[in-house]
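# Report on the structure
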Amino acid sequence: MDVLICTAKEQDEWCETLAACLPEAQVHAGPDAPACDYAVLWKPPAAVFAHQPRLKALFSLGAGVDGLLAMPALPRDVPLVRIEDCGMAAQMIEYALYVALRRFRRFAEYADAQSEGRWAPRGLRMREDFQIGVLGLGVLGSAVANALAGFGFAVSGWSRTPKSIEGIDCVHGSAGLDVLLARSEVLLVLLPLTGDTEGLLGRELLAQLPDGAALANLSRGEIVDDEALLEVLDSGQIAEAFLDVFHREPLPRDHRYWTHPRVRITPHVAALTPYSAACSQVAEKIRGFERGESISGIVDRARGY
Ligand SMILES: NC(=O)c1ccc[n+]([C@@H]2O[C@H](COP(=O)([O-])OP(=O)(O)OC[C@H]3O[C@@H](n4cnc5c(N)ncnc54)[C@H](OP(=O)(O)O)[C@@H]3O)[C@@H](O)[C@H]2O)c1
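So, a few notes on the structure that sits alongside this text. (Residues numbered from 1 in each chain as written. Predicted model: local features only at pLDDT ≥ 70, side-chain atom pairs only at ≥ 80, totals over all residues. Heavy atoms only, no water.)

Take the site of the ligand next. In the neighbourhood of the ligand, 30 residues make up the surrounding shell, with Arg82, Thr161, Lys163, Leu218 and Tyr305 lying closest. Within the backbone of glycine 138, a nitrogen or oxygen atom sits 3.0 Å from an oxygen atom of the ligand. Between the ligand and the protein, one listed contact pairs an oxygen atom with a backbone N or O atom of valine 139 at 2.9 Å. Within the complex, the protein chains bury 93% of what would otherwise be the 950 Å² of accessible surface of the ligand. Within the residue set of the shell around the ligand, elements represented by two or more residues are helix H3 (88–104), helix H5 (139–150) and strand E7 (154–159). Per element, the largest residue contribution to the shell around the ligand is three residues, and it comes from H5. (Near = heavy atom within 4 Å. Polar contact = N/O pair within 3.5 Å; in protein donor to acceptor, adjacent residues only side chain to side chain. Areas by Shrake-Rupley, 256 points an atom, 1.4 Å probe, with all protein chains shown as cover. Helix = DSSP H or I, 4+ residues; strand = E, 2+ residues; numbered from the N terminus.)

Time to look at the pairing of strand E1 (residues 2–7). Moving residue by residue along a regular strand, the side chains alternate between the two faces of the sheet. Summarising burial for E1: six of the six residues are buried, a large majority. The side-chain alternation of E1 yields two buried faces, one formed by Asp2, Leu4 and Cys6 and the other by Val3, Ile5 and Thr7. As paired strands, E1 and strand E2 (residues 26–29) are joined by four bridges and run parallel to one another. Bridging from a neighbouring strand, aspartate 2 pairs with glutamine 26 of E2. A crossover links E1 with its parallel partner E2, the connecting element being helix H1 (residues 11–21), and its sense is right-handed. Relative to strand E3 (residues 38–42), E1 runs parallel, the two being bridged by five bridges. What sits directly across from cysteine 6, in E3, is leucine 41. (Buried < 20%, exposed > 50% of the residue type's maximum accessible area, 1.4 Å probe, protein only. Pairing = 2+ DSSP bridges. Right-handed = clockwise from strand over helix to strand, strands pointing away.)

Listed below in structure tokens is the structure:
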């Protein structure tokens, strides 16, 4: 069995780790590999598909597949499989807990008060009264929602299809989204980028958040309308935005987000794919394919995730 691995960076490390996880295969690195049975990809050049007539499956080393699906050269009749969790849920939970606690315990307000030399204690509030909305209840969103609910916060989650998760108020559809937005003091975005979610959070929906809410976009920049977000940040309706992902990455040096006092930027690091867990998962799924078993994580290209 021949397996191609092609990544935009750290190619040697990925290749070495995959070869160790899949000793029964010949692992070839880079876009000029001979014809292979499987391709393992992260932001590959289009040329990678030029001499690959016999691929049985494609594997994305990321959870999001919007980039691969946008490639015209991507083979159409081959299953595309994405990474599921592999330690990324735990990282998303860390990020979400940081945002939730920072808002719930008013640490940003106290930092402002300190900068003005003001002693300004605020009253006690209870976790069960602090409303957090999670957009997307998939592998990562449901892990985040469960962790926050387990911590005692009041958590609502939004998905495309109806869901039932104990301890989470699950909603779907546009009516469900309206209800969730109106009460979310913290809104966490964990949706995939698809035709339906691109530009979803524009003026109309952002205006539905309560005054002083916080937004954390942890999935894809294109889901948020930047101009609309800057307007609600300027007005103070949104008190703080935690942005890990952007329309253009790296975020252009002259973008207003860099200097906006209410924006906290992280450089697309909310959840990184760990080499070893990702390669073990891919190796197990390749073995599953070889045995003719059904495997999880196959992307539904029509719905876009
Ligand atoms: N910033 C980072 O470092 C980083 C790292 C990893 C992943 N990500 C991003 O995180 C995203 C989520 O990952 P995941 O593994 O949790 O994905 P997933 O398991 O595919 O879950 C996607 C969730 O979004 C929901 N959804 C999709 N389209 C929707 C729509 N139009 N309306 C309402 N809900 C919709 C799905 O609803 P159903 O349950 O009804 O299908 C599902 O609950 C990835 O696509 C990627 O873009 C970012």
